[in-house]
Amino acid sequence: MCGILGAITKNKTELELFRNALQTLSHRGPDSEGVKEFSDKKCAVIFGQKRLAIIDLHPSANQPMSDHTGKYWITFNGEIYNYLELKEILIKKGHKFRTKSDTEVILEGYKEYGIEIVKKLRGMFAFGLFDKNKNLIFIARDHFGKKPLYYFLGKDTLIFGSEVKALVAFVKNKKTLTIDHQAVVKFLMYGYIPSPNSIYNEIKKLPAATVFEISLKPVSITKRARFWKPENITLNNIPLSDAMEKTDELFRDAVKRRLIADVPVGSFLSGGIDSSLVTTIASEFHPGIETFSVVYADKEFDESKYVKIVGDNLSIKYNMLNFKDSYASSLLKEVLSFMDEPMADASLLPTTFIAKQTRKKVTVALSGDGGDELFGGYPKYNAQQLFNNQLLFNILRVGNSKIIDYLPINPSKKNIVKKLLSGTTMESYSRHFVWGSGGFTFVELQKLVKRSFLENEEKVFSESKLFFETFKQADEGNRVLFLDVMIQLPDWYLVKADRGSMSQSLEVRSPFLDVDLAEFVMTLPSKYKYSINKNKILLKKIANKYLPKAVIDRKKMGFGLPLNKWLTTNFKEEVEDSLAALPEDIFDRNYVLSLWEGLLSGKEDNGTRIWRLFILGSFIKNHVS
């Protein structure tokens, strides 16, 4: 696990500038640093890496790495869990290895299969590979987008790297970087900026499961290809019992693969089904594995009861990490300092907190990320089923939500009902994200953003519409799961996990996001996963084999936190400064203030909306003004 940076430029050697840019990624790789330059009269190529050593700790496994001929070079971030199997195959084909690393397997695999090697890799990866024979560079990102990769394409220059800040640091003229106003609007709706966009017009994300071929002379992207297309996976109506058996087998294998390391490995444990299953299986293959859990003083958000049930059931050591409200302010400053494009998930604070504490004991932690998206764990899936099956929802219209203002229910429930009703007139691909993001409805967005910056609903949700239309299965229930796998996971939840953990030099591995497991689960009918009033049907049946009933039947919580309280007390001054930084040529100032005043008075549950505006205002204040 590492931070990587690469540059192709026609300018003179820029090693000092490159090294300075590479330093912005030091948190991702504190164990070693490597830089390699290739240049001639017309072009310079520079590869760099900050390494977090996990597999093969010997210096010979440091990067950038070349094969024994020196004709192929790589800078790589990630872990390849099937590298030993691939290595054995390559050895039989005559390839020789100098290290015990997974990095070298990618290099030798490329020499055997070309860029098609990415289809054989099982793990998480983002890399740049220089083929000196063909005078080409390839950049690639893993199937689910677990590891980030951004790129900047300018005149005679291409830069790629793990984080936006490294690219910004290498761009000499910062005035050439301009804010993408459409990305801002998308952020307000999604809570993050979906690929391939970033907050800057000139910097893009390499989408998940994508390879770019880059020519050096001239510097240009000559080929773009997606190497994994789950929209084409066909439905398999096998019996539920067979589905359970196969899923269990693949899941156990996925967990086992992710325990391979030459450093200590632990597991996050929230007490929910996903992390409890991961921990339970991991403890079979790794007896004595330590777990790490966030504990809140506020009983509304405390899950320690379930953590203890799982930990005691397995007889393992579980670390209860007490999160106090007093930690919030210092963590906020830290999070804002490493967040180099807006991402509005306040649970990044406890994510960073648990990563900081976990890193004191282990270098790798397993997580339950992906379980909800694959097995139907969110309420929005139930809402979509209700919409598709109930005549009532075809009658309701946005205007009816005005009635809710006069009903004697608390602001939080009022907000939920309004959002539910607002989705009734939207397309399925857009209401799915309005229902699930916790932020603005499109009607509210029209009040917030001035019309010259606001495009129509179809444009705002263009990524969702594209994937929605490419989905081939007849099972409509699987379609919304697919949307989350393609958009929500790589651009929101996996970003949160990556930034929070790597800010503390901690690697996080997600067994649910194993390609073989995911592909099989995607073949199963949605009725095995969720219904109008049930979630994770298949996974809960499997969990009966491993977990106490109290954990299986518990209410879903996720990373709960007292957001409204923090905004109006702990962060009040910072929020008001950030809201003031929102540009008045884009935002309706009066509407912004009405949202803030509604939250302060307790009459409106505007916490997620204000958090979204707060994060955006903080970014503008820190990176633009």
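*Asks:* So what about the overall build of the protein? Which residues, and what values?
*Replies:* Of regular secondary structure, the protein possesses 26 helices and 17 strands. Here the C-alpha radius of gyration of the protein, 24 Å, is about what a compact globule of 625 residues would show, namely 25 Å. Each of the 625 residues in the protein was classed as buried or not, and the buried ones make up 62%. For the protein, contacts bridging at least 24 residues in sequence account for 73% of all contacts bridging at least 6. Put simply, the protein shows about 24,300 Å² of open surface, and 52% of that area lies on carbon and sulfur atoms. For the protein, the centre of its 89 positive side-chain charges and the centre of its 74 negative side-chain charges are spaced 1 Å apart.

*Asks:* I'd like a rundown of the pattern of salt bridges, residues and numbers included.
*Replies:* Tallied over the full model, the rule gives 39 salt bridges. Residue Asp516 pairs with Arg122 through a salt bridge whose shortest N-O separation is 3.2 Å. Separated by 394 residues along the polypeptide, Asp516 in helix 20 (residues 515-523) and Arg122 in the loop between helix 3 (102-113) and strand 6 (123-131) bring together distant segments of the chain. Asp516 gets classed as partly exposed once you look at its relative accessible area, which sits at 28%. Judged by relative accessible area, which is 15%, Arg122 ranks as buried.

*Asks:* Provide a residue-level description of the sheet that holds strand 14 (residues 291-296), including the pertinent values.
*Replies:* What the five strands build is an open sheet, ordered 15-14-13-16-17; its pairing is parallel. If you trace the sheet from one side to the other, it starts and ends with strand 15 (318-323) and strand 17 (507-509), each paired once. Put simply, the sheet's adjacent strands are angled 30° from each other on average, direction ignored. In the sheet, strand 13 (residues 265-268) pairs with strand 16 (residues 364-366) via three bridges, with the strands oriented parallel. By the bridge assignment, Gly266 is partnered in strand 16 with Ala365. Running at roughly 135° to strand 15, helix 10 (residues 348-358) makes contact with strand 13, strand 14, strand 15 and strand 16 of the sheet.

*Asks:* Requested: an account of the sheet that holds strand 1 (residues 2-9), with residues and values cited.
*Replies:* Ordered by their spatial adjacency, six strands build an open sheet running 2-3-1-9-8-10, and the pairing between neighbours is antiparallel. The open sheet terminates on both sides in strands that have one partner only, identified here as strand 2 (32-39) and strand 10 (203-205). Neighbour to neighbour, the strand axes of the sheet diverge by 15° on average, direction disregarded. Sheet analysis places strand 2 next to strand 3 (residues 44-51), joined by eight bridges and oriented antiparallel. Across the sheet, residue Glu37 finds its bridge partner in strand 3, namely Ile46. Packing of helix 1 (residues 15-23) onto the sheet brings it into contact with strand 1, strand 2 and strand 3, and relative to strand 2 it is tilted by some 150°.

*Asks:* Please give an account of the packing of helix 9 (residues 328-338) against helix 10 that cites residues and values.
*Replies:* Remark: helix 9 packs on helix 10, axes separated minimally by 9 Å, with the N-to-C direction vectors making an angle of 95°. By the criterion of interaxial angle, the relationship of helix 9 to helix 10 is roughly perpendicular. Seen from helix 9, the contacting residues are Ala328, Leu331, Leu332, Glu334, Val335 and Phe338; seen from helix 10, they are Leu348, Leu349, Thr352, Phe353 and Lys356. Split into classes, the residues belonging to the contact of helix 9 with helix 10 amount to eight nonpolar, one polar and two charged.

*Asks:* With reference to specific residues and values, describe helix 10.
*Replies:* For helix 10, the buried fraction is high: nine of the 11 residues fall into the buried class. Those residues of helix 10 that fall on the buried side of the exposure criterion are Leu348, Leu349, Pro350, Thr351, Thr352, Phe353, Ile354, Ala355 and Thr358.

*Asks:* Can you lay out the packing of helix 2 (residues 83-92) against helix 3 for me, pointing to particular residues and giving the numbers?
*Replies:* Axis separation between helix 2 and helix 3 bottoms out at 10 Å; the angle between their running directions is 45°. With respect to their mutual orientation, helix 2 and helix 3 come out oblique. When the axes of helix 2 and helix 3 are compared, the crossing they make is left-handed. Contact residues: helix 2 offers Tyr83, Leu86, Lys87, Ile89 and Leu90, while helix 3 offers Asp102, Val105, Glu108, Gly109, Glu112 and Tyr113. Here the residues of the contact of helix 2 with helix 3 sort into six nonpolar, one polar and four charged.

Cut-offs used in this document
- Residues numbered from 1 in each chain as written.
- Predicted model: local features only at pLDDT ≥ 70, side-chain atom pairs only at ≥ 80, totals over all residues.
- Heavy atoms only, no water.
- Helix = DSSP H or I, 4+ residues; strand = E, 2+ residues; numbered from the N terminus.
- Rg over C-alpha atoms; globule rule 2.2 N^0.38 Å.
- Buried < 20%, exposed > 50% of the residue type's maximum accessible area, 1.4 Å probe, protein only.
- Contact = heavy atoms within 4.5 Å.
- Areas by Shrake-Rupley, 256 points an atom, 1.4 Å probe, with all protein chains shown as cover.
- Lys, Arg positive; Asp, Glu negative; His and termini not counted.
- Charge placed at Lys NZ, Arg CZ, Asp CG, Glu CD.
- Salt bridge = Lys/Arg side-chain N within 4 Å of Asp/Glu carboxyl O.
- Pairing = 2+ DSSP bridges.
- Axes fitted to C-alpha atoms, helices over the stretch in contact; angles between N-to-C directions.
- Parallel < 35°, antiparallel > 145°, perpendicular 65-115°, else oblique.
- Nonpolar A, V, L, I, M, F, W, Y, C, P; charged D, E, K, R; others polar.
- Left-handed = near helix turned anticlockwise from the far one by under 90°.

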